[in-house]
Structure formats: C-alpha cells, structure tokens
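One letter stands for each residue in the lines below.
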Amino acid sequence: MCGPESAAAARAVGRAAYDFRFVVSTRFFRMAARATMPRTVVVVGGGIIGCSSAFYLSKIAGVKVILVERTGIACAASGKAGGFLAAGWGDGKTNELHQMGFHLHEKLAAELGLKSYRKVTALSVNWSEGESQQASWIDKVSTKVMDTNTAQVTPLELTTKLWEKAKEQGATLVMGDASEVMYEQGRITGVRLRDGETVVGDDYLFAMGPWTVLLTDFLAAHQQQFLVPMLSIRSTSFTVKLAASEEEPCAVFCNNDPNNNSHVELYCRPPVDGFNDKDEVYVSGCGESEYIKHADLRPGAKYASADLVKPSLSRVDAACATISRLTSRMEGVQPLRPTACLRPCSDDGNPLMGRLGCAQNGYVCGGHNCWGILWGPASGKAMAELITGAEPCISLQAFDPMRFTR
C-alpha cells in the first residue's frame, strides 16, 4: 500500500529514526569530548579512595589531577586497616563492589608490584577444643574453613604505591587543610585551604573518609543542602609477632570472647621491607569501639584530624588476653604498634558514590565502613569513569549520595 497516508507515516518514522540517531550521536559526542578535552580534577583526600581515583584519572589523556591532603598519604584507615579481601561477602547491593574490588586487587598487585598481596584461607574459631585445626599455630582451640576465595594486602603498601604511580602519571600533591568550597551558579569553583590558598579545577571529588561529613558544612555556607548521615567508628588495632605464622597464610575470625569482650581478627602478613615485619600478625576486633558524630570531626574538635585518633591501650590488653586463649605462641609476646582509625558508616550501611545534586561538577565517594580497602580501587575507577563521562565499571544507582537529602 503506497498511498499518501502511508508515505506520511514513512516520513514520520524516518524523522523519528533520524532524531534518535541524532540524540544518540550527540550524547556519544559529548561523552567522548568530555573524556578527551583537557580538564583538571581536584581530589580532596589522600586515602585509598582518593589515591585510587587519582591513579585511574591520571591514566586518562588530557586529565590533570591535583590531590589535596592535610596530613599525609594513607595517614588514616587506609594505612592502618587489616586489608582482608573477600569476593563473595557482599549483600545484594554491594555484590558488584565486592567482586569488582576483588578482581582489581589481583590486577593491581601485578601492575604495582605489591609484595603484600596474596591469596589466603579464611578460618573461624570454635572455642570448644578437640576438633580439627586448620593452622598449626592456632593450637589451643579448633578452627574450620570459612572461605578459600579470599586474599589480603597491606593497605599502607597499596595506597602508597597507588599514589606513587599516579604521581608518575602526572598527578600532583597539595598539602593543605580544606576549609571551605567556593560556589557559584550551581558549580564548585574552588577549594579554599586553611592557609588561604585556593585550589581550582574543572571537577571536584571529595573522598575524605570520616571527614566527608564536613562537605555538609562546606555547602551549607552557600545555602546548599547536602546531608551525610554518617557515624564513624573508632577501632583499635595492633600487631604481634607469632613465630612461623607467616608460613600458613590465613585470616582468623573469632566470635566474641566473653572473658575479654573482644572478637579478634588475626591476619598473618608476609614480610615486606618498609611495611611488614617477619612473623607479623595484624590484630583488630579489640572490642568496645567508640561511635563518633559529625560535631567531633569539625575543626578544633576531638577528632579533627587523623593524627588525633588514638588507640585504647586497655582494649589492646584485652585482645592480647584473647589471643593467649588461641595460641601457645603468644606467651611472652608483647603488642607492637598499637594504633586506631575511624571507619565511616552511613545510616543505611551503603557507601555514598556519585555526583552532588547541588553542584554539577562536584562528586563524593565515602562511607565504605569496614570494606574500604576491598572497595577502594573499584570505587576510584568508577568515580574516574563517571567524572570523565564514561560508563562506570559498577552500577552506582544504589549509592547515590543525594538519597539522604531528597
């Protein structure tokens, strides 16, 4: 049938097809242009997320990265965490983060030459005696295998190497304390440091760990609302030297020890010059963690910076007593390098990752709780892709940072 009506319909279909092709090609052009045009990205925060983002951004042609850090690279949780990695321990919303993170860690270990990365077996402790033992140095209680698809890395080595490589790729470091953002007509125009310097870029990523809550204050100064309902959990950790523990690489998880109110986790680490000693075992789960609110993280407050976060020595003693219930090799052993860090946890337990609704060139990535090391590289890669107009390697829909503000 070739009448006028069908000809008109054909023309309409043709116009619709043209319009669709135009829209698609225009979007593609804009994404390609955004990814290739010279641009400066300011990343605030020198932890694993900030350094991962800088690493992946600095790989992209035409992107200049300025990293702003007030204390030092990996000075907080990214240099003090345990570094346990598990591919299959996520829930529905975080499964992709777990799996992508686990994959990227193995890839990064090869690319960066990490000596602390290795596959391990995860064990759980049964406080009753007389059952199977999976690690000879855990000789006072029984253990069983939880998971064999797990690994470990020393976070300080990883984060340090990520930044060193980013620097090789052209990223620069500005040491300074971000005290406010400059804002005009729906865009961030600079980050003002406490010494008066302003760091200027085209895009801004805030990855400040527990101190990401300060972004609420920065934007409120410009009558812009951005809510970060997040608690930070102060957790104590330390290391001990247990003879020959490194020969049986494993991560050991204990249920609560009612005698000492601790639920220790032990990670046997391989010796790495400058990072891990021989026979070193990292210990966390010391118990009685402190919950930190927004007000305690503001300038001049109790936990205004990473260097103010101190360990609880009484919890170190309690954890040592628990370890003595696990292994005879603890006899006469003293704890080493007691430290503490803050783990940021949002109200719904999921991270905040994405664009700020009140600033078209502003982005945030934080709230990763105890999985910051595992999720860090995947988060940094996804943010680098989002900022430059590419499709992120993971879906960010569930982690929309504006979900608490709407």
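Our subject is the structure listed above.
Cut-offs used in this document
Each chain has its residues counted from 1, following the order in which its sequence is written. Residues qualify for local features only when their pLDDT is at least 70, as the model is predicted, and side-chain atom pairs are given and counted only at 80 or more; totals for whole chains, interfaces and linings, by contrast, use all residues. Heavy atoms from the whole structure form the basis of all side-chain values; hydrogens and water molecules are not counted. Numbering of helices and strands starts at the N terminus; helices are DSSP runs of H or I of at least 4 residues and strands are runs of E of at least 2. Burial status follows relative accessibility: with a 1.4 Å probe on protein chains alone, a residue under 20% of its type maximum counts as buried, one over 50% as exposed, and anything between as partly exposed. Throughout, nonpolar core names a set of buried Ala, Val, Leu, Ile, Met, Phe, Trp, Tyr and Cys residues whose side chains join them through atoms within 4.5 Å. Note on definitions: a residue-residue contact is assigned when non-hydrogen atoms from the two residues lie within 4.5 Å. By this definition, two strands are paired if DSSP reports at least two bridges between them. Angular values range over 0 to 180 degrees, each being the angle between N-to-C directions of two axes fitted as lines to C-alpha atoms, with helices fitted over their stretch in contact. For this document, the term salt bridge refers to a Lys or Arg side-chain nitrogen within 4 Å of an Asp or Glu carboxyl oxygen. The rule is short: rings of Phe, Tyr and Trp, with Trp giving its six-membered ring, pair when the centres are within 6.5 Å, and they are stacked under 30 degrees, edge-to-face over 60, tilted in between. The rule is short: NZ of Lys or CZ of Arg within 6 Å of the ring centre and within 35 degrees of the ring normal puts a charge over the ring. One fewer than the residue count of a helix, multiplied by 1.5 Å, yields its expected span. By the definition adopted for this analysis, an angle is roughly parallel if under 35 degrees, roughly antiparallel if over 145, roughly perpendicular if from 65 to 115, and oblique otherwise. Residue polarity follows a fixed list, in which Ala, Val, Leu, Ile, Met, Phe, Trp, Tyr, Cys and Pro are nonpolar, Asp, Glu, Lys and Arg are charged, and the others, Gly among them, are polar.

Draft legend 1. Molecular detail of unusual backbone geometry. The phi torsion at Q223 lies on the positive side, around 60°, for a residue other than glycine. Following the sequence through the fold, Q223 ends up in the loop between helix 6 (214–220) and strand 11 (230–241). Unusually for a residue other than glycine, R337 sits at a positive phi of about 45°. Classification of R337 as partly exposed rests on a relative accessible area of 44%.

Draft legend 2. Seen up close, the nonpolar core. In this structure, F84, L85, L158, L162 and M353 are the most contacted members of the largest nonpolar core, which totals 56 residues. The greatest single-element share of this core, amounting to 9 residues, is contributed by helix 8 (residues 372–387). When sequence neighbours within four positions are dropped, the list of residues in contact with L162 reads I48, C51, S52, F55, L108 and L112. Counting residues in hydrophobic clusters, the runner-up holds 38 residues, among them A76, A178, L214 and C358.

Draft legend 3. Representation of the sheet that holds strand 17 (residues 352–355) within the structure. If you trace the 6 strands from one edge of the open sheet to the other, you get 6-2-1-10-18-17, paired in mixed fashion. Taken across any chain shown, the strands that pair with only one partner, and hence form the sheet edges, are strand 6 (172–175) and strand 17. For this sheet, the mean inter-axis angle between neighbouring strands, taken without regard to orientation, is 20°. Pairing between strand 1 (residues 39–44) and strand 10 (residues 203–206): 4 bridges, direction parallel.

Draft legend 4. Layout of the pattern of salt bridges. Counted according to the given criterion, the structure contains 18 salt bridges. Note that K161 is salt-bridged to E157, the shortest N-O span being 3.6 Å. One end of the pair is K161 and the other is E157, both in helix 5 (residues 155–168) and 4 residues apart, which spans about a single turn. For K161, a relative accessible area of 21% translates into the label partly exposed. In the salt-bridge network here, residues are joined through shared partners; they are R269, D277, E280 and R337.

Draft legend 5. Layout of the pairing of strand 4 (residues 118–126). As paired strands, strand 4 and strand 5 (residues 142–152) are joined by 8 bridges and run antiparallel to one another. Pairing of L123 across the sheet is with V145, part of strand 5. Inspection of the sheet shows strand 4 paired to strand 12 (residues 250–253) by 4 bridges, in the parallel sense. Residue pairing in the sheet places T121 in a bridge with C250 of strand 12.

Draft legend 6. A look at helix 2 (residues 48–57). For helix 2, the tally of buried residues reaches 10 of 10 residues, placing the bulk of the element in the interior. For helix 2, the complete set of buried residues consists of I48, I49, G50, C51, S52, S53, A54, F55, Y56 and L57.

Draft legend 7. Layout of the sheet that holds strand 9 (residues 198–199). Reading across from one edge, 7-8-9 is the order of the 3 strands in this open sheet, with antiparallel pairing throughout. In the strand order of this sheet, the two ends are held by strand 7 (178–184) and strand 9, each with one partner. Examined bridge by bridge, strand 8 (residues 187–193) and strand 9 share 2 bridges and lie antiparallel to one another. Each bridged residue has a counterpart across the sheet, and for R192 the counterpart in strand 9 is T198.

Draft legend 8. Fine view of the packing of aromatic side chains. Evaluated as defined, the whole model comprises 8 aromatic pairs. With a centroid separation of 5.9 Å and 5° between ring planes, the pair formed by Y267 and Y282 is classed as stacked. Taken as a pair, Y267 in strand 13 (residues 265–268) and Y282 in strand 14 (residues 280–284) lie far apart in primary sequence, 15 residues in all. For the pair Y267 and Y282, one class covers both residues: buried. Of the aromatic side chains, those joined through ring pairs into one cluster are F84, W89, F253, Y267, Y282 and W371. Over the ring of W211 we find R70; its NZ or CZ atom is 5.1 Å from the centre of that ring.

Draft legend 9. Representation of helix 5 in the model. Taking 1.5 Å per residue, 14 residues should reach 20 Å; helix 5 reaches 20 Å between its end C-alpha atoms and fits that length. P155, E157, L158, T159, T160, L162, W163 and A166 are the residues of helix 5 that are buried. Against helix 2, strand 2 (63–69), helix 3 (77–80), helix 4 (95–112), strand 6 and helix 8 lie the buried residues of helix 5. G170, located one to two residues past helix 5, shows a positive phi value of around 115°.

Draft legend 10. The arrangement of the packing of helix 4 against helix 8 in detail. Helix 8 packs onto helix 4 with a crossing angle of 90° between their chain directions and a minimal axis gap of 8 Å. In terms of their interaxial angle, helix 4 and helix 8 are classed as roughly perpendicular. Between helix 4 and helix 8, the residues in contact are L97, H98, M100, G101, F102, L104, H105 and L108 and I373, L374, W375, P377, A378, S379 and K381, respectively. For the contact of helix 4 with helix 8, the per-class residue count stands at 10 nonpolar, 4 polar and 1 charged.

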